[in-house]
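A structural walkthrough
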Number of protein chains: 2
Amino acid sequence: MAITTPNWLEKRVDLSPDRTALVFKDQSWTFQEMFTLVQKTAGQMTDLVPGDCNRVAVLLNNRPESVWIIHAIQQLGLETVFLNCRLTANELLFQIKDSKPGLIIYDSPNAHTLVKLEPSLEPAVVSVKELVSRPIQKMPYKKEIHLDDVCSIMYTSGTTGNPKGVLQTYGNHWWSASGSILNIGLEKNDSWLCTVPIYHISGFSILMRSIIYGLPVILMEKFDERIVNQLLSSGQVTIMSAVSAMITRMLTAQGEQSYHPAFRCLLAGGGPVPKPLLKACKDQGIPVFQTYGMTETSSQIVTLSPEDSLTKLGSAGKPLFPSQLKVMADSDQEAKPMQEGEIFVKGPNVTPGYLNRDDANRISFKDGWFSTGDIGYKDEDGFVYILDRRSDLIISGGENIYPAELEGVLVSHPSVEEAGVTGIEDSKWGSVPYGFVVATEDVKEEELIEYCRQKLASYKVPKRILKVAELPRNGANKLMRRLLKDLL
Amino acid sequence: MAITTPNWLEKRVDLSPDRTALVFKDQSWTFQEMFTLVQKTAGQMTDLVPGDCNRVAVLLNNRPESVWIIHAIQQLGLETVFLNCRLTANELLFQIKDSKPGLIIYDSPNAHTLVKLEPSLEPAVVSVKELVSRPIQKMPYKKEIHLDDVCSIMYTSGTTGNPKGVLQTYGNHWWSASGSILNIGLEKNDSWLCTVPIYHISGFSILMRSIIYGLPVILMEKFDERIVNQLLSSGQVTIMSAVSAMITRMLTAQGEQSYHPAFRCLLAGGGPVPKPLLKACKDQGIPVFQTYGMTETSSQIVTLSPEDSLTKLGSAGKPLFPSQLKVMADSDQEAKPMQEGEIFVKGPNVTPGYLNRDDANRISFKDGWFSTGDIGYKDEDGFVYILDRRSDLIISGGENIYPAELEGVLVSHPSVEEAGVTGIEDSKWGSVPYGFVVATEDVKEEELIEYCRQKLASYKVPKRILKVAELPRNGANKLMRRLLKDLL
């Protein structure tokens, strides 16, 4: 039975109009104030979207206007395509052509990318500056939300090179929020610090939870450990989402001073938190909840409680209440405890599929289970351990980097015959990409790095590109990325 | 898209095996211990239920064994028919014949009713005492829960006389739990005191929430204000469900002593809490959340926060996050603020319909909205006020009494020609039923009361039955129950 709920934002305003919804620097807005701004924005946007299109793409940094715009798109009953602000113009072009939005909205920090792109774009493009000075049209009023409807689309890459648009329904976001609340609870004075990008599921999920839970989001344009430390020491923040690299920077800047006791939950994503960092957090009294999740699960699906973090070191924890996880030893058989295999997940927070990718959907879903491509195992107590992210995914400062994509760029260089990319541990970013190439001519490392810089978002550019005589391959001639490290 | 989740109890045990699940007198059980007992019970029950039947009826008081049995039925993938322990044998017989369970389980306090009933029963009957000494069979293992599946059936009456079986799906219970948590939050040390019957939705919903939230239920066989006061003063209880009559008794016994500050939520159902009682609660620092709900909404659907309880005196509050409520002025038009009309509700917590009652379902559901039959209005701020429960429902000490049912019994007496029943205010029970009859002979009040006692559960028996010359009727000759009071 398709499930229908009230319009979430309108409902939240009805229930708690005077609670704080958003804090940004020294400004704050109640849900009522936010709703007024969202409705205004929707009225300024409604006639820009062609009638036959139900999608708007956004290229927006973490700013209040971005929040109004994202909610305005939902109020209009349209789908939001979240474009990653760190991508190059060419990378964005693919996603825009694939998702075919009727309108693209960008803000001033992203103007330089859009300017490069605009001549080749079909959809209308509008800057936030232009948008907010437009006349306000009457807008269609959306009284209800159908949970099967698509709310957002975020791109993620895989082994096959081209990024895939992950469909996230309202139901996916609802169930993700439900799973999280049953895990960490909901207390009277809760507030969520968002220093992660709102164009990632880690950030966007905070905006959705704010509406569902009725709690304030403390939004930061960029992560800054000094400001974060001030906030965590003030008692203003009770929950924060972060990756290991951020936590390291926070602790280094904070020294021995402890945070305010109201700070009750640090959700840590993007791979296990290293043991020394965990210990340091414990000494500081910081409750770290390690998580495992992906765009396809609408944020975390597995979480490790602080009380288990040292006894189950390296584990991502257990699947949240509404979700399931199994490890398959092979295509027919579930793995025994301690036996590794591919990780499959299932639950109402899992995406219904990828946009325009019947082939990928056929491969990724089996009997209602989503194949993550990640490798791991469960221990005797059912705790999940992730050994390898899918397609040797590199997580660098919270951003996903896919070796296959970088290898594609490297071999497109005329001097490169073969290429392999892997992640190398890095104290600041957790991991950084390294390239290994078999090159036909005497091409220099700097030239290859510069070539990558033109083609790839800066965080994806390999830190080093090393020439080798041959790449490690298995019997089937498949590149063994895990063995690349040994060539160092 | 049909939603599938893990088996809730198994999942809860996986996530928090060592948390307390149930407290009864001086005993307590963790979720792991409870699961072991539930599995054992399921194994003792599985071969008693005929293969072609998916329903088990229970006639059970608030006891630990009842909790194991209710969960065991769910583990076996069967539906539970909750029989009200206060009904007479004849009243039960109707519900059993209507729901056709494959098995009836009763406990010793209810043996006297079952003994009267057994000769006329088709399904197998087993006492808890017999059940727990049976051999343990291998039972089918239910790994997942489909939210559209029926979990429970509870009977409720209406204008037409015969009780109707309300179908409650797992999804109904889930969404009811979600709506409640978003309203009152979920804190680390939460526990829920259950002194209301588990065969009512008010009690059963606590058992379901315990599994979903992972919190202990403090179960009492019967409401006893002295024990309740001890518990609320000890800090062991943070949430309690009650009706006004209970609160009055609690406060009277408690005197001026305040409860433990950990006691953070008193959910009050069964009609608005009278102003003096609200004030007394406020003086005692008791946070009263007034609610409006029914079997068909799987417990409360509208709640008034303590901060609004005095400014919005008499209001039931606002619909919970996942739910909607509208007041219809007539069949086509929504009422304006302050204008009264029939109350309609909608949401994933609302029943999909009544068992075996296509006619009632057709009447009760319009475009996805459920017609409650209750009369009320919304004020300018959207707060809901209930004026009249459906079919002049009488709520007496938390039990629903339907005048039509009592009138049917009264007119079945050879001396009674016409009958009308209404609720009269009562300081102890909130309201009690009074009968008004046009009688052909010189029959005595005591005789009629005794007649009712044979046919009706004791709480339904009219406190007084008064003879009158004629009943108040409108132009269409419809009984005007609201005017019966004036005959006193």
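What you are looking at is a predicted structure, and each value in this text was computed from that prediction instead of being measured. Here the residue numbers are simple positions, counted from 1 along each chain's written sequence. Written order decides the labels, with chains lettered from A and ligands numbered from 1. The predicted nature of this model means local features are confined to residues of pLDDT at least 70 and side-chain atom pairs, given and counted, to a pLDDT of 80 or more, with totals for whole chains, interfaces and linings taken over all residues. Think of the side-chain values as coming from all heavy atoms in the structure, minus any hydrogens and water.

1. Quick look at the pairing of strand β14 (residues 265-269) of chain A
Every other side chain in a regular strand lies on the same face of the sheet, so the side chains alternate between the two faces. All names here are of chain A. Formally: Each residue's exposure class comes from its accessible area (1.4 Å probe, protein chains only) as a fraction of the maximum for that residue type: buried when under 20%, exposed when over 50%, partly exposed otherwise. Numbering of helices and strands runs from the N terminus; a helix is a DSSP stretch of H or I covering at least four residues, while a strand is a stretch of E covering at least two. When the strands point away from the viewer and the connection leading from the first strand across the helix to the second strand turns clockwise, the crossover is called right-handed. The criterion for strand pairing is that DSSP finds at least two bridges linking the strands in question.
With respect to burial, β14 is a largely interior element, five of its five residues being buried. Side chains Cys265, Leu267 and Gly269 project from β14 onto one buried face, and the interleaved Leu266 and Ala268 project onto a second face that is buried too. Between strand β13 (residues 239-243) and its parallel partner β14, the chain crosses via helix α10 (residues 244-254), and the hand of that crossover is right-handed. Examined bridge by bridge, β14 and strand β15 (residues 288-294) share three bridges and lie parallel to one another. Following the sheet pairing, leucine 266 is matched in β15 by valine 288.

2. Some thoughts on the packing of helix α3 (residues 64-75) of chain A against helix α8 (residues 201-214) of chain A
The description of two helices packed together rests on the angle between their axes and the distance between the axes. All names here are of chain A. Using the following cut-off: Angles here are taken between N-to-C directions and fall from 0 to 180 degrees, while the axes themselves are lines fitted to C-alpha atoms, restricted in helices to the stretch in contact. Under this scheme an angle from 65 to 115 degrees is roughly perpendicular, one under 35 degrees roughly parallel, and one over 145 degrees roughly antiparallel; angles in between are oblique. Two helices that cross are described as forming a left-handed crossing if the nearer one is turned anticlockwise from the farther one by less than a right angle, and a right-handed crossing if clockwise. Only heavy atoms matter for contacts: two residues are in contact if any of them lie within 4.5 Å across the pair. Note on residue classes: Ala, Val, Leu, Ile, Met, Phe, Trp, Tyr, Cys and Pro are nonpolar, Asp, Glu, Lys and Arg are charged, and everything else, Gly too, is polar.
Direction vectors running N to C along α3 and α8 enclose 70 degrees, while the axes themselves pass 12 Å from each other. The angle between α3 and α8 places the two elements in the roughly perpendicular class. For α3 against α8, the interelement crossing comes out right-handed. Of the residues in α8, those touching α3 at Val67, Ile70, His71 and Gln74 are Phe204, Leu207, Met208 and Ile211. Residues of the contact of α3 with α8, tallied by class, amount to six nonpolar, two polar and no charged.

3. Brief notes about the interface of chain A and chain B
The following threshold applies: In this description, buried area is defined as the sum, over both parts, of the accessible area (probe of 1.4 Å) that is lost when the two are combined. Whenever Lys or Arg places a side-chain nitrogen within 4 Å of a carboxyl oxygen from Asp or Glu, that contact is recorded as a salt bridge.
Contact with chain A, which involves 38 residues of that partner, is made by 38 residues of chain B. Across the chain A to chain B interface the summed buried area is about 3300 Å²; carbon plus sulfur atoms make up 59%. Linking chain A to chain B there are four salt bridges. Among the salt bridges present, the one from glutamate 144 of chain A reaches lysine 346 of chain B, with a minimum N-O distance of 2.9 Å.

4. Thoughts on the environment of glutamate 33 of chain B
Residues and elements named next belong to chain B. Spelled out, the test is: Think of a polar contact as two N or O atoms within 3.5 Å of one another; within protein, one of them needs to be a possible hydrogen donor and the other a possible acceptor, and neighboring residues in sequence only count if both atoms come from side chains.
Inspection of the secondary structure puts glutamate 33 in helix α2 (residues 31-45). For glutamate 33, a relative accessible area of 40% corresponds to the partly exposed category. Linking glutamate 33 and threonine 20, residues 13 residues apart in sequence, is a C-alpha distance of 9.1 Å. At a separation of 2.9 Å, a polar atom in the side chain of glutamate 33 contacts the main-chain amide nitrogen of threonine 30.

5. A closer look at the sheet that holds strand β9 (residues 150-156) of chain A
Residue and element names in this part refer to chain A. Pairing within the open sheet is mixed, and its seven strands lie in the order β7-β6-β4-β5-β9-β10-β20. Edge positions in the sheet fall to β7 (124-127) and β20 (353-354), since each has one partner strand and no second. Relative to strand β10 (residues 164-169), β9 runs antiparallel, the two sharing six bridges. The residue of β10 that forms the bridge with isoleucine 153 is leucine 167. Strands β4 (55-59), β5 (79-82), β6 (103-106), β9 and β10 of the sheet are contacted by helix α4 (residues 89-99), whose axis makes an angle of about 145 degrees with β9. Across the face of the sheet, α8 comes into contact with β5, β9 and β10 while running at roughly 165 degrees to β9.

6. Notes on the nonpolar core
We apply this condition: By convention a nonpolar core is built from buried Ala, Val, Leu, Ile, Met, Phe, Trp, Tyr and Cys residues, the set being connected through side-chain atoms within 4.5 Å.
The biggest cluster of nonpolar side chains holds 264 residues, and the ones touching the most others in it are Trp8, Ile105 and Met240 of chain A together with Trp8, Ile105 and Met240 of chain B. Isoleucine 105 of chain A has contacts with Met45, Val56, Ala57, Val58, Leu59, Leu60, Ile69, Val126, Val128 and Leu131 of chain A, leaving out every residue within four places of it along the chain.

7. Comments concerning the sheet that holds strand β9 (residues 150-156) of chain B
Residue and element names in this part refer to chain B. Here seven strands make up an open sheet; going across it, the order is β7-β6-β4-β5-β9-β10-β20 and the pairing mixed. The sheet is open, and its two borders are formed by β7 (124-127) and β20 (353-354), each paired with just one other strand. Examined bridge by bridge, strand β5 (residues 79-82) and β9 share three bridges and lie parallel to one another. Considered in β9, the bridge of phenylalanine 82 is made with methionine 154. Strand contacts of helix α4 (residues 89-99): β4 (55-59), β5, β6 (103-106), β9 and β10 (164-169), with the helix running at about 145 degrees to β9, the strand carrying the most contacts. Contacts between helix α8 (residues 201-214) and the sheet are confined to β5, β9 and β10, with β9 contributing the most and set at about 165 degrees to the helix.

8. A few points about the packing of aromatic side chains
To describe a pair of aromatic rings, you give the distance between the ring centres and the angle between the ring planes. Residues and elements named next belong to chain A. In plain terms, the rule: A pair of aromatic rings is counted whenever rings of Phe, Tyr or Trp (Trp by its six-membered ring) have centres within 6.5 Å, and the orientation is called stacked for planes under 30 degrees apart, edge-to-face for over 60 and tilted otherwise.
For the coordinates displayed, the defined rule picks out 21 aromatic pairs over all chains. Between tryptophan 8 and tryptophan 174 the ring centres are 5.5 Å apart and the planes differ by 55 degrees, which places this aromatic pair in the tilted class. A residue pair is termed long-range when its members are at least 10 positions apart, and tryptophan 8 in helix α1 (residues 8-15) and tryptophan 174 in helix α7 (residues 170-184) qualify at 166 residues. For the pair tryptophan 8 and tryptophan 174, a shared accessibility class is recorded, and that class is buried.

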